[in-house]
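Coordinate inspection notes
So you can see what is in the structure, the chains are spelled out below.
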Amino acid sequence: MTTDTTCLAPEKDPMGAAIRDYYSTGKAGRLRVFSSQFDEDEIPVAGLFRTYPEMPALEQKALQLAGGLILDVGAGSGCHTLALKEMGKDALPADISPLSVEVMRARGLDARLVNLFDPRLAGQFDTVLMLMNGSGVIGRLENIGAFFRRMKQLLAPGGCVLMDSSDLRYLFEDGDGSFAVDLAADYYGQVDFRMQYKNVKGDPFDWLYIDFGTLSLYASQYGFRAEKVQSGEHYDYLARLTLR
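These numbers were taken from a predicted model, which means no experiment stands behind them.

1. Remarks on the packing of aromatic side chains
What the rule picks out here adds up to nine aromatic pairs. Measuring from centroid to centroid gives 5.9 Å for F148 and Y222, while their planes differ by 15°, and the two rings are stacked. In this pair, F148 sits in helix α5 (residues 144-154) while Y222 sits in the loop between α6 (212-221) and β11 (224-231), placing the two residues 74 residues apart along the sequence. Taking 5.0 Å as the distance between ring centres and 40° as the angle between the ring planes, the aromatic pair formed by F148 and F224 counts as tilted. Taken as a pair, F148 in helix α5 and F224 in strand β11 lie far apart in primary sequence, 76 residues in all.

2. Describing the sheet that holds strand β4 (residues 90-95)
Pairing is mixed across the open sheet formed by seven strands, whose spatial order is β5-β4-β3-β6-β7-β12-β11. Sheet topology places β5 (112-113) and β11 at the edges, where each strand pairs with a single neighbour. Relative to β5, β4 runs parallel, the two sharing two bridges. Bridge pairing in β5 links A94 to R112.

3. Structural notes on the pattern of salt bridges
Applying the stated rule across the entire model yields 12 salt bridges. E40 is the partner of R30 in a salt bridge, and the nearest nitrogen-oxygen pair spans 3.2 Å. Linking R30 in the loop between α1 (14-25) and β1 (31-34) with E40 in the loop between β1 and β2 (41-43), this pair joins segments that are 10 residues apart in sequence. A residue is classified by how much of its surface remains accessible, and R30, at 44% relative accessible area, is partly exposed. A relative accessible area of 39% means that E40 is categorised as partly exposed. A salt bridge links R140 to E142, with the nearest nitrogen and oxygen atoms 3.3 Å apart.

4. Some points on the nonpolar core
Counting 51 residues, the largest nonpolar core has L71, L116 and L241 as its most contacted members. Per-element accounting of this core gives the leading share, five residues, to α5. Those residues in contact with L116 that lie beyond four places of it in its chain are L71, V73, L121, M130, V137, R150, M151 and L154. Among the nonpolar cores identified, the runner-up in size contains 15 residues, and L58, A62, L84 and C160 belong to it.

5. What about the state of the cysteines?
Per the stated rule, a full pass over the model turns up zero disulfides. C7 carries a free sulfur, and the closest cysteine sulfur to it, the one in C79, is 19 Å from it. For C7, a relative accessible area of 31% translates into the label partly exposed. No disulfide involves C160; its nearest neighbouring cysteine sulfur is the one of C79, lying 19 Å away. Residue class for C160 comes out buried when judged on its relative accessible area of 11%.

6. Here's the deal with helix α4 (residues 98-106)
By the burial criterion, the buried members of α4 are P98, L99, S100, V101, V103 and M104. In the core, the buried residues of α4 are packed alongside α1, β4 and β5.

The rules behind each value
Sequence order as written defines residue numbering, which begins from 1 separately in each chain. For a predicted model such as this one, the threshold for reporting local features is a pLDDT of at least 70, and the threshold for listing and counting side-chain atom pairs is 80 or more; totals across whole chains, interfaces and linings nevertheless cover every residue. Working from all heavy atoms in the structure, the side-chain values ignore hydrogens and water. Stacked, edge-to-face and tilted are the three classes for Phe, Tyr and Trp ring pairs, Trp counted by its six-membered ring, which pair at centre distances within 6.5 Å; planes under 30 degrees apart are stacked, over 60 edge-to-face, the rest tilted. Helix and strand assignments follow DSSP, with helices taken as H or I runs no shorter than four residues and strands as E runs no shorter than two, numbered in order from the N terminus. Only strands joined by at least two bridges in the DSSP assignment are considered to pair. Each salt bridge in this description consists of a side-chain nitrogen of Lys or Arg and a carboxyl oxygen of Asp or Glu lying within 4 Å of one another. Remark: exposure states derive from per-residue accessible area (1.4 Å probe, protein chains only) relative to the maximum for the residue type, with buried under 20%, exposed over 50%, and partly exposed in between. Buried Ala, Val, Leu, Ile, Met, Phe, Trp, Tyr and Cys residues that are joined via side-chain atoms within 4.5 Å together make up what is termed a nonpolar core. Here, residues are in contact when the closest pair of their heavy atoms is within 4.5 Å. The rule for a disulfide is simple: a pair of cysteine sulfur atoms within 2.5 Å.

Next comes the structure, spelled out in structure tokens:
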């Protein structure tokens, strides 16, 4: 995904197709994930419908901290928005997947089919929530300036972004504990993915995993303060971004 403003076509929406199947029948086939950098993987579709007690600690913490009018970016099945509503909070879920939005609406949510970078997504949000490696929607490191400029447009005074991510440096760890990262190559957290569900094949997209140090550096350049709220068990973390 890049900082364009497009949404997916239904015939190019494998995750949405999996979410729709699971919502309709209580089961789904394999949601396969391909990358030029990694072996084939699979996303457990049932996990996309997790309830608050089933969520990782970083997600639970983010939902606890979220307040005011909340924008849930990349909301998927709507599990985070539903948990927020059970907590009595006001959240607007948004996604570029038309089939996911269809399911969220069937679950009683006022979901928006819109890209984060689309100017038609307007408003002043107290919290912009970006979970399930939320930094991924930035796509590539070169897009991070556009991301921070967009956050300035969407955040209400005193608002914040709550975003989780992972530092992929563990993939380059040697046996002695050192890290063999090629500093002359592209940033190591930039990954390309493609998904397939049954016969529904999605287009390739870029996904950004960003280490906290790099996130903090860019945040400062664009007038934000980055705070690491909580660390996970395996190089993952939850960050809070606020305007200085």
